[in-house]
Amino acid sequence: MPPTSEPSTSDTAQPTDADALQAEVTRLRELVGPDEAAYTSLKIELWAARDSAFGAEMAAGELRGQVKVLEGQLAQANRNRRWMVERIKAPLRRVKAILR
Amino acid sequence: MARYSILTPVYDPPEDVLRACLESVARQTFQDWEHCLVDDASTQPHVARVLEEYAAKDRRFKVKRRAANGGIIAASQDALELATGEFVCLLDHDDLLTKDALFEVDLIASTDPSLDYCYSDEDYLSPDGKFINPFHKPDWSPERFRSQMYTGHFSVARRDLVIEVGGFRTGYEGSQDYDLVLRVTEKARSVRHVAKILYHWRMMPESVAQNAEAKPWAYEAGRRAVQDHCDRTGRRATVVDGVVPGVYRVQREIEGEPLVSVVIPTRGSSARVWGVERCFIVEAVRSLVERARYTNIEIIVVMDAPAPAGVIEKLERLAGDRLKIVWYDKPFNFSEKVNLGAAHASGELMLVLNDDIEVETPDFIETMIGLIQEGDVAMVGAKLLFADGRLQHAGHLYNHDPFHAYFGYPANHLGESSVLACQRETSGVTAACALVKMSIWNEVGGLTPELAANFNDVDLSLKIRAKGYRILWTPYAVLYHFESMTRIPTVNLDELKVMRERWATPLKNDPYHNPNFEPLRDDWVLRSR
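Not measured: the values here are computed from a predicted model.

1. A look at helix α11 (residues 334-343) of chain B
Residues and elements named next belong to chain B.
- With 7 of its 10 residues buried, α11 lies for the most part within the structure.
- Buried within α11 are the following residues: F334, S335, K337, V338, N339, G341 and A342.
- Tucked into the core, α11 has its buried residues touching β12 (260-266), β15 (297-304), β16 (323-328), β17 (349-353), α13 (438-444) and α14 (456-466).
- Here α11 starts with a cap whose side-chain oxygen sits 3.1 Å from the backbone nitrogen of S335, and that cap is N333.

2. Details of the packing of aromatic side chains
- Following the criterion strictly, the structure yields 21 aromatic pairs over all chains and no others.
- On the basis of an interplanar angle of 70° and a centroid distance of 4.7 Å, the ring pair of F54 of chain A and W274 of chain B is categorised as edge-to-face. Here the residue F54 of chain A occupies a position in helix α2 (residues 36-99), and W274 of chain B occupies one in the loop between β13 (270-273) and β14 (276-279), the pair thus bridging two chains.
- Judged by its relative accessible area of 2%, W274 of chain B falls in the buried class.
- With 4.9 Å between their ring centres and 90° between their planes, W274 of chain B and Y480 of chain B make a pair best called edge-to-face. Of this pair, W274 of chain B sits in the loop between β13 and β14 while Y480 of chain B sits in strand β25 (residues 470-481), and the two are 206 residues apart along the sequence.
- Residue class for Y480 of chain B comes out buried when judged on its relative accessible area of 7%.
- Among the aromatic residues, ring-to-ring pairing joins Y117, Y119, W140, F145, Y150, Y178 and Y248 of chain B into one connected group.
- The residue whose ring lies beneath R224 of chain B is Y172 of chain B, and the NZ or CZ to ring-centre distance is 5.6 Å.

3. Observations regarding the nonpolar core
Residue and element names in this part refer to chain B.
- By size, the foremost hydrophobic cluster in this structure holds 43 residues, and its most contacted members are V260, I281, L351, F364 and I365.
- The element contributing the most residues to this core is helix α12 (residues 364-372), with 6 residues.
- Counting 36 residues, the second largest nonpolar core, distinct from the first, contains L80, V162, L182 and V226.

4. Structural notes on the interface of chain A and chain B
- In this complex, chain A contributes 20 residues to the contact, which on the side of chain B involves 22 residues.
- When chain A packs against chain B, close to 1900 Å² is buried across both sides, 56% of that on carbon and sulfur atoms.
- When the area that chain A buries against chain B is broken down by residue, the three leading residues are R50, K68 and R79 of chain A, summing to 30%.
- Inspection of the region where chain A meets chain B yields 3 salt bridges.
- The partner of R64 of chain A in a salt bridge is D388 of chain B, with the nearest N and O atoms 2.4 Å apart.
- Remark: the boundary between chain A and chain B carries 5 residue pairs in polar contact (both at pLDDT 80 or more).
- Within the side of chain A that touches chain B, the residues separate by chemical class into 7 nonpolar, 6 polar and 7 charged.

5. Regarding a nonpolar patch on the surface
- Taken together, the side chains of I44, L46 and W47 of chain A define a hydrophobic patch exposed on the protein surface, amounting to about 310 Å² of accessible area.
- Within the fold, I44 of chain A resides in helix α2.

6. A few points about the packing of helix α9 (residues 280-290) of chain B against helix α10 (residues 311-319) of chain B
Residue and element names in this part refer to chain B.
- At a closest axis distance of 10 Å, the pairing of α9 and α10 adopts a crossing angle of 0°. Our classification of the angle between α9 and α10 gives roughly parallel. In this structure, α9 contributes I281, V282, V285, R286, V289 and E290 to the contact, and α10 contributes V311, K314, L315, L318 and A319.

7. Concerning the pairing of strand β19 (residues 377-385) of chain B
Residue and element names in this part refer to chain B.
- Within β19, 9 of the 9 residues are buried, leaving the element largely enclosed by the surrounding structure.
- Bridge analysis of β19 against β25 gives 7 bridges, and the strand direction is parallel. Within β25, the residue paired with L384 across the bridge is L479.
- Examined bridge by bridge, β19 and strand β24 (residues 433-437) share 3 bridges and lie antiparallel to one another. Looking at β24, one finds that G381 is bridged to A434.
- As defined by bridge partners, β19 adjoins strand β20 (residues 391-393) across 2 bridges and the pair is classed as antiparallel. Bridged to L384 within β20 is H393.
- The loop that links β19 with its antiparallel partner β20 comprises 5 residues; one of these, G389, has a positive phi angle of about 90°.

8. Remarks on the environment of A157 of chain B
Residues and elements named next belong to chain B.
- Mapped onto the elements of the fold, A157 is located in strand β8 (residues 155-158).
- Spatially, the C-alpha atom of A157 lies 43 Å from that of V359, the residues being 202 residues apart in sequence.
- In contact with A157, other than residues within four places in its own chain, are E86, F87, V88, D116, Y117, V162 and V184.

9. Brief notes about the domain arrangement of chain B
Residue and element names in this part refer to chain B.
- Segmenting chain B into domains produces domain 1 (4-245) and domain 2 (260-508).
- Each of domain 1 and domain 2 has a C-alpha centre, and the two are 41 Å apart.
- Contacts between domain 1 and domain 2 engage 13 residues on the former and 15 residues on the latter.
- Carbon and sulfur atoms make up 53% of the surface buried where domain 1 meets domain 2, a total of about 1100 Å² over both sides.
- Its largest share of buried area at the contact with domain 2, domain 1 owes to E143, R144 and V244, together 43% of the area lost on that side.
- R146 is paired through a salt bridge with E374; the nearest N and O atoms lie 3.7 Å apart.
- At the junction of domain 1 with domain 2, the criterion picks out 7 residue pairs in polar contact (both at pLDDT 80 or more).
- Where the side of domain 1 that touches domain 2 is concerned, the elements lending two or more residues are β7 (131-135) and α5 (142-147).
- When its residues are assigned to classes, the side of domain 1 that touches domain 2 shows 5 nonpolar, 4 polar and 4 charged.

What counts and what doesn't
Residues numbered from 1 in each chain as written. Chains lettered and ligands numbered in written order. Predicted model: local features only at pLDDT ≥ 70, side-chain atom pairs only at ≥ 80, totals over all residues. Heavy atoms only, no water. Buried < 20%, exposed > 50% of the residue type's maximum accessible area, 1.4 Å probe, protein only. Helix = DSSP H or I, 4+ residues; strand = E, 2+ residues; numbered from the N terminus. Contact = heavy atoms within 4.5 Å. Polar contact = N/O pair within 3.5 Å; in protein donor to acceptor, adjacent residues only side chain to side chain. Phe/Tyr/Trp six-rings, centres within 6.5 Å; stacked < 30°, edge-to-face > 60°. Lys NZ or Arg CZ within 6 Å of the ring centre and 35° of its normal. Core = buried A, V, L, I, M, F, W, Y, C linked by side-chain atoms within 4.5 Å. Buried area = accessible area lost by both parts, 1.4 Å probe. Salt bridge = Lys/Arg side-chain N within 4 Å of Asp/Glu carboxyl O. Nonpolar A, V, L, I, M, F, W, Y, C, P; charged D, E, K, R; others polar. Patch = residues over 30% accessible without salt bridge, like charges linked within 9 Å, V, L, I, M, F, W, Y side chains within 5 Å. Areas by Shrake-Rupley, 256 points an atom, 1.4 Å probe, with all protein chains shown as cover. Axes fitted to C-alpha atoms, helices over the stretch in contact; angles between N-to-C directions. Parallel < 35°, antiparallel > 145°, perpendicular 65-115°, else oblique. Pairing = 2+ DSSP bridges. Domains from an automatic or database assignment.

Structure below.
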């Protein structure tokens, strides 16, 4: 069999992954300027900022969660209080009814 | 032959404590009982004296004295051999029955001829004589029972069945009841629950009731009892300790490597999460591909047409040939979108997933598959957390309206009696992350399109349970769900009407909750007594 020829590149060829990646590199270079290290440091800054945001959200969430726990306990305490008041009031009402 | 034989091994209880225990039996309003007491060679002289006194007074007190101390299991087995009743009941020598305990059990036993095991709610008797810490339990929940010995006291079992399964076994000291009830419930035809406190568990200094660390060997025996149960029942699983003493995790091995079709409805929208802009569907798929360990998945993205620029390309780059895009060009209807995705699914299991999620536990799919491979389990839900770490979903709770249990509580909150630490049955799970058997999805007709936005997962759950299948929730499959905390859900009144017409009764009777808790709450707050 004759050797197959390499596919020829032409103006109508679809962009390859390599083309897309090269375009992305160009875009990023434009974004960060000529200093390539700046991109890395910006990424590190972004990760650090994301970690800070994550930590702050978690800390706020912990506090909000504790508030929810306390609200549940308060609801329980209020129910117990109402029950106790009713236990005191019921015999009082009966005594008052007898006295009338 | 008495209807009920109460079994009590006795070893050196204080006299007043023993008398209180015996009196609580003597005062039962239901009279057809015998109390089988086995003195395990007590050293205190008052024990024999008090037991003889009661036996002389009332022939229903049957007393046997062992020649040598043999431990609680040998004494319990001796008490079982003394018993002649149709049912046996377990009562510790320092605890109390409420006077209506046998009456309440018999209300059920007399109407359910197949009753083989029954348990009730319980509370504790503090050293200063107060009844505290009530434990109001769910109805029979076998998966929770594998996680935790929650049935506890008051336990009543058919005597023939107790004998058939071998009675009390040595080697499980401290968890002998757990071991016995596991074996009994494996064969029980009917297991019932009395949602009333029928048993007061006395808190003694060395008692497990007082201090969870008091008997570490009891928890180890419990773990072995559950492992034995799994081995006996053909569950390929390893039982390990849970997050608190007395809670176990049954880690199941998966049979085969079933294809899971992950169906994600999306609009391709973005929002800021943890400080950065996030295209939800892209990050959800990235999370599935890069963080989740299970690889035999197909990802079916049901996308509103047209998709935002670049989204499809990113998805294709991430998921390759595991990705199917299904276009949806009608007005928003969550149920229709998921049903459309399901129609394109080829897996035997389907994972319905919202796009605003991120995987936290890499083995979450394996964990859920392990549970759904139980024969009668149709659907499994996961633990979902808000971006701030609070609980978004820990199973549904139908408490006169549908709720997410412990919504907004801290992620590591244990819940009432450690309910949030247990794999367990639940009335329903959210469709934000639900693994469902495709065959059962088709059997119930998928999501109801009339419920376009709300309650479609509640409706699905209730349809599934109405067919007799179980739904499980696991705390070991964890994902973040970035549902807005500030969003006020807009409930369509037509949807509410459909729900109320269809499911009025089950929405008010959640078997995995308890009528002693306050209605219309997502947590377990006691009702006013």
